[in-house]
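Structural features, examined
Listed below, chain by chain, are the residues.
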Amino acid sequence: MDNGPNRTFDLLSLSSFVVLGLPDGMLGTAWPAMRSSFGAQVGDLGWVLLATTAGTVAVATLVGSLIRRLGVPALLAVATGVAAVGGTAYAVAPGLWLVLGLGPLMGAAAGMMDGGLNTAVALTGRRRLLNLLHGFYGIGTAAGPLLVIAAITAGSWRLAYLVLVAVDVTSALVWTAHARRFHASGAEPTPSRSTEGSDGAGPTRGWSRRRVVAVLSLGLIVFFVYTGLEVAAGQWLASFASGHLDLSHSAAGLAAFGYWGALTAVRIGLSIPSRPILPTRVIRWGGFGSLVAAGVIWWQPDPTVAIFGFVAMGATLAGVFPALVSVTALRIGERRARHAIAWQTGAAAAGGSTIAALLGVLINATGLAVLGPALTVLAVFLIVTISALGRLAPIHRRA
């Protein structure tokens, strides 16, 4: 079969992860200007994140069924179309109420893109592509702060969201144009059978139902905590840099670019070797590295060291999410992973917004200085939950 459609699918998937990352990188950087426009408190960013996550969680349990019914290309066309509607609401919102009211559309779109592509690619066993996907997500998150800086320089943060809407509309049109072609050619990723037994139980054969439920639940907790740490650091960085370290909005935006840029560079770097680093090692060292970085942020002897701590955290966390996704089928088998990966992306979204929102409440009550200690506690909890999951569902193959 001609590999052209497969290559096209890969390229469109990579571009979709750039689109997925853009609003995540934009929001935290734009928030100081946004809240000034809306007359909102600094901690209200958490409510915006919760609103978007409501949409992500709502679609998480449906992603597996939507993939089977529509196929990944059609699902991505729908997702980017919905994202365009949500982005328009952000761009024209007269007040915070509209952002909160239509924020779930942004979340639902992100859930369909993230869950659909993670599931489709992870089940093929293509770890390099999975790392590259998340590297391209990092390109989007790194470009987001730069886009906001340019928009504010040009006159308003709203211009950044108008650009985002144009990108979403373009992506929706491209996916729509290719959906039938991919469906007809059978070019969508096909699952590997390396993690399944004849009965589909795979590595969970012989497990009690209680153990299966415990492993699935603990896995969701790991994704919840990991993404909470990643998102909290990225979204609150600009506010921390401008409100606590006394940097200008532009300098704070560049600091956010440094965080997301480090995340991006390492993810892309992990996709380069022909024999990728074992994901279990990436997960383990990512957890410990994030703890050291959080400790540096808490220490913050001067602004430069504190910003370096954020950049180091972005670098150490970079490979953890794709590595966790890639070992899911090895832990619980391919049949269960088809649904679990979508649930994991939903848990990740919930963790990112919930933890960031709780931090917002804490920041409103105590001040931005609490961010360092909070990130340190999250890093410790991440290490503990990863260790517990490894003991409950060990991976016997080299992974």
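As a reminder, the structure under discussion sits directly above these lines.
A few points on the structure.

Definitions and cut-offs
Throughout this description, residue numbers start from 1 for each chain and increase along the sequence as written. The predicted nature of this model means local features are confined to residues of pLDDT at least 70 and side-chain atom pairs, given and counted, to a pLDDT of 80 or more, with totals for whole chains, interfaces and linings taken over all residues. Where side-chain values are given, they derive from all heavy atoms of the structure, hydrogens and water being excluded. Numbering of helices and strands runs from the N terminus, with a helix taken as a DSSP run of H or I at least four residues long and a strand as a DSSP run of E at least two residues long. Throughout this description, buried means an accessible area under 20% of the type-specific maximum (1.4 Å probe, protein chains only), exposed means over 50%, and partly exposed covers the range between. Contact definition: two residues touch when any of their heavy atoms are within 4.5 Å. Each Phe, Tyr or Trp ring, with Trp reduced to its six-membered ring, pairs with another whose centre is within 6.5 Å; inter-plane angles below 30 degrees give stacked pairs, above 60 give edge-to-face pairs, and intermediate values give tilted ones. Axis lines are fitted through C-alpha atoms, for helices just across the contact stretch, and the angle between N-to-C directions can take any value from 0 to 180 degrees. We call two directions roughly parallel when the angle between them is under 35 degrees, roughly antiparallel when it is over 145, roughly perpendicular when it lies between 65 and 115, and oblique otherwise. It is the rotation of the near helix from the far one that decides the hand of a crossing: anticlockwise by less than a right angle makes it left-handed, clockwise makes it right-handed. When residues are grouped by polarity, Ala, Val, Leu, Ile, Met, Phe, Trp, Tyr, Cys and Pro land in nonpolar, Asp, Glu, Lys and Arg in charged, and all others, Gly among them, in polar.

What follows concerns the environment of Gly138. Of note, Gly138 is situated in helix α6 (residues 127–154). Judged by relative accessible area, which is 0%, Gly138 ranks as buried. When the C-alpha positions of Gly138 and Asp24 are compared, they lie 9.6 Å apart, and in sequence the two are 114 residues distant. Apart from the residues lying within four places of it in its own chain, the contact partners of Gly138 are Trp260 and Thr264.

What follows concerns the packing of aromatic side chains. Counted by the stated rule, this structure contains 7 aromatic pairs. Pairing Phe38 with Trp157 gives two aromatic rings, centres 5.7 Å apart and planes at 85°, and the pair type is edge-to-face. In this pair, Phe38 is assigned in helix α1 (residues 4–38) and Trp157 in the loop between α6 and α7 (158–185), connecting sequence segments 119 residues apart. Exposure remark for Trp157: the relative accessible area of 4% places this residue in the buried category. With centroids separated by 5.3 Å and ring planes inclined at 90°, the aromatic side chains of Phe223 and Phe321 adopt a geometry described as edge-to-face. Placement of the pair is Phe223 in helix α8 (residues 209–243) and Phe321 in helix α12 (residues 320–326), with a sequence separation of 98 residues. Note on accessibility: Phe223 and Phe321 belong to one class, buried.

Packed helix pairs are specified by the crossing angle of their axes together with the interaxial distance, meaning the distance between the axes. Packing of helix α5 (residues 96–122) against α6 brings their axes to within 9 Å, and their N-to-C directions diverge by 160°. As summarised for this structure, α5 and α6 are arranged roughly antiparallel, according to the angle between their axes. You can see that α5 and α6 cross each other, and the crossing is right-handed. Of the residues in α6, those touching α5 at Leu117, Asn118, Val121 and Ala122 are Leu129, Leu130, Leu133 and His134. In the contact of α5 with α6, the residues fall into 6 nonpolar, 2 polar and no charged.

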